[in-house]
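One-letter residues, chain by chain:
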Amino acid sequence: LAKHPEIKALMKPDYNLIWVVVLMVLAQLTAFYLVKDLDWKWVVFWAYVFGSCISHSMTLAIHEISHNSAFGNSKAMWNRWFGIFANLPLGLPYSISFKRYHMDHHRYLGGDGIDVDIPTNFEGWFFCTRFRKFIWIVLQPFFYAIRPLCINPKPITRLEIINLLAQLTFDVVIHYLWGVKSMFYMLAGSVLGLGLHPISGHFIAEHYMFLKGHETYSYYGPLNLLTFNVGYHNEHHDFPNIPGKSLPLVKKIAAEYYDNLPQYNSWIKVLYDFVMDDTISPYSRMKRQLKGEVKQD
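The name given to the chain in an unreviewed UniProt entry is Sphingolipid delta(4)-desaturase DES1, with Oxylabes madagascariensis as the source organism. The chain has a UniProt comment under Subunit (unreviewed entry) that states "Interacts with RLBP1; the interaction increases synthesis of chromophore-precursors by DEGS1." The record held by UniProt for the chain lists under Function (unreviewed entry) the comment "Has sphingolipid-delta-4-desaturase activity. Converts D-erythro-sphinganine to D-erythro-sphingosine (E-sphing-4-enine). Catalyzes the equilibrium isomerization of retinols."

Next up, the structure:
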């Protein structure tokens, strides 16, 4: 910032995010209706080909909302309510809890017992062969859901209860209106999109140490168009209050800080290398023993 103070001008909400999320919710509602009378094979097909992409993209919209990118820091609660709305087509309550844990990830990156993005000791010990690492990728959504309860369980808040009740109400309405195939499409799309899917390469690309000494990596490939530029991950951790839309400008303005860092151009290759490289496993993360006072959401 001392060298490039113009970056401060990018620290403002991205109001376009609101309309993009609304359109994504409407797209999924349309899909729920369209799949209700299809053969099961086509329900599965569209859940993976279309629903999974929208669902994973929506989780990254929720990531943006967790940083108050939709309405700004001055309207934090508007962002929380909007996150609950964005959560609806995923089928499972997620938004409020994600925000609480994700802020810890930014404050205490790699913090032992705090950052639940770090795999458990069991994951590192068990998923150590190529086949087991492949299974671990398939099961990623389950580990991301269960890991906080094992590493850093937090008391349930009022907003999390509201998130849960809103989601259950939405799910019941979808089942009542359009039946089990629409429900399956919704839930399967979320699970498949966060598991063995090209976009899921970002989970591993962001912080797994393929190169010793380099803890965070950026990806500059085309899938950033579907993921609100989450691939610009060094830039995001440097400036978490800048919306994803503006992160390419951060890289352009401060190119001397980012251009020479190790980077990826393919999340699919990241998944392949993770499975096939015997030196990489869920243990390949930087873990820190935190000292001093720890403040969590």
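Participant: In this structure, what is going on with the overall build of the chain? I would like to understand it.
Facilitator: When you go through the chain residue by residue, the secondary structure sums to 14 helices and two strands. The C-alpha atoms of the chain give a radius of gyration of 19 Å, which matches the 19 Å a tight globule of 297 residues would have. Seen through its principal axes, the chain has C-alpha atoms that stretch 55 × 45 × 40 Å. In the chain, of all internal contacts separated by at least 6 residues, the share reaching a separation of at least 24 is 76%. For the chain, the accessible area works out to roughly 14,700 Å², and carbon and sulfur atoms hold 67% of it. The chain carries 27 positive and 23 negative side-chain charges, and their two centres are separated by 2 Å.

Participant: I'm lost on helix H6 (residues 130-138) in this one. Help?
Facilitator: At 3.6 residues per turn, the α-helix brings residues three or four places apart onto the same side. Where H6 is concerned, the buried positions are Lys133, Trp136 and Ile137. Each buried residue of H6 lies within a common arc of 100° when the element is viewed along its axis, so the set occupies one face. Packed against the buried residues of H6 are helix H5 (121-126), helix H7 (140-151), helix H10 (201-207) and helix H14 (267-276).

Participant: I keep staring at the environment of Arg107 and nothing clicks. Help me out?
Facilitator: Structurally, Arg107 is set in helix H4 (residues 95-107). Remark: the alpha-carbon pair of Arg107 and Tyr94, spanning 13 residues in sequence, is separated by 20 Å. Non-local contacts of Arg107, meaning those with residues more than four positions away in its chain, are made with Lys295, Gln296 and Asp297.

Participant: Even after reading the chapter, I still don't get helix H1 (residues 16-35), so can you show me in this structure?
Facilitator: The terminal C-alpha atoms of H1, which comprises 20 residues, lie 29 Å apart, in line with the 28 Å expected from a rise of 1.5 Å per residue. For H1, every residue scored as buried is listed here: Leu17, Ile18, Val21, Met24, Val25, Gln28, Ala31, Phe32 and Val35. The buried residues of H1 occupy an angular sector of 155° when projected down its axis, which confines them to one face. In this structure, H1 carries Trp19, Leu23 and Leu34 as exposed residues pointing more than 90 degrees from its buried face. Contacts made by the buried residues of H1 are with helix H2 (40-66), helix H3 (76-87), helix H8 (158-178) and helix H9 (180-193).

Participant: I would appreciate a short explanation of the packing of aromatic side chains in the present structure.
Facilitator: Each pair of aromatic rings is reported with the distance of its centres and the angle of its planes. Taken as a whole and assessed by the stated rule, the structure comprises 23 aromatic pairs. Arranged with centres 5.6 Å apart and planes meeting at 85°, the rings of Phe71 and Phe82 form a pair that is edge-to-face. Here Phe82 lies in helix H3 and Phe71 lies in the loop between H2 and H3, a separation of 11 residues in the sequence. Owing to a relative accessible area of 17%, Phe71 belongs among the buried residues under this scheme. Joined through ring pairs, the aromatic side chains of Phe122, Trp125, Phe126, Phe127 and Phe143 make up one cluster. When the ring centre of Phe126 is taken as reference, the NZ or CZ atom of Arg132 above it lies at 4.3 Å. If you follow Arg147 out to its NZ or CZ, it ends over the ring of Tyr144, 4.8 Å from the centre.

Participant: Would you mind showing me how to read the UniProt feature "transmembrane region" (unreviewed entry) in the chain here?
Facilitator: When the UniProt feature table is mapped to this numbering, "transmembrane region" (unreviewed entry) covers residues 17-35, 42-61, 81-98 and 184-205. Between the C-alpha atoms that bound residues 184-205 there is a distance of 29 Å. The span itself is 68% helix and 0% strand.

How each quantity is defined
- Residues numbered from 1 in each chain as written.
- Predicted model: local features only at pLDDT ≥ 70, side-chain atom pairs only at ≥ 80, totals over all residues.
- Heavy atoms only, no water.
- UniProt positions renumbered as here; feature names shortened; annotations may be inferred.
- Helix = DSSP H or I, 4+ residues; strand = E, 2+ residues; numbered from the N terminus.
- Rg over C-alpha atoms; globule rule 2.2 N^0.38 Å.
- Contact = heavy atoms within 4.5 Å.
- Areas by Shrake-Rupley, 256 points an atom, 1.4 Å probe, with all protein chains shown as cover.
- Lys, Arg positive; Asp, Glu negative; His and termini not counted.
- Charge placed at Lys NZ, Arg CZ, Asp CG, Glu CD.
- Buried < 20%, exposed > 50% of the residue type's maximum accessible area, 1.4 Å probe, protein only.
- Arc of directions from axis to C-beta.
- Expected span 1.5 Å × (residues − 1).
- Phe/Tyr/Trp six-rings, centres within 6.5 Å; stacked < 30°, edge-to-face > 60°.
- Lys NZ or Arg CZ within 6 Å of the ring centre and 35° of its normal.

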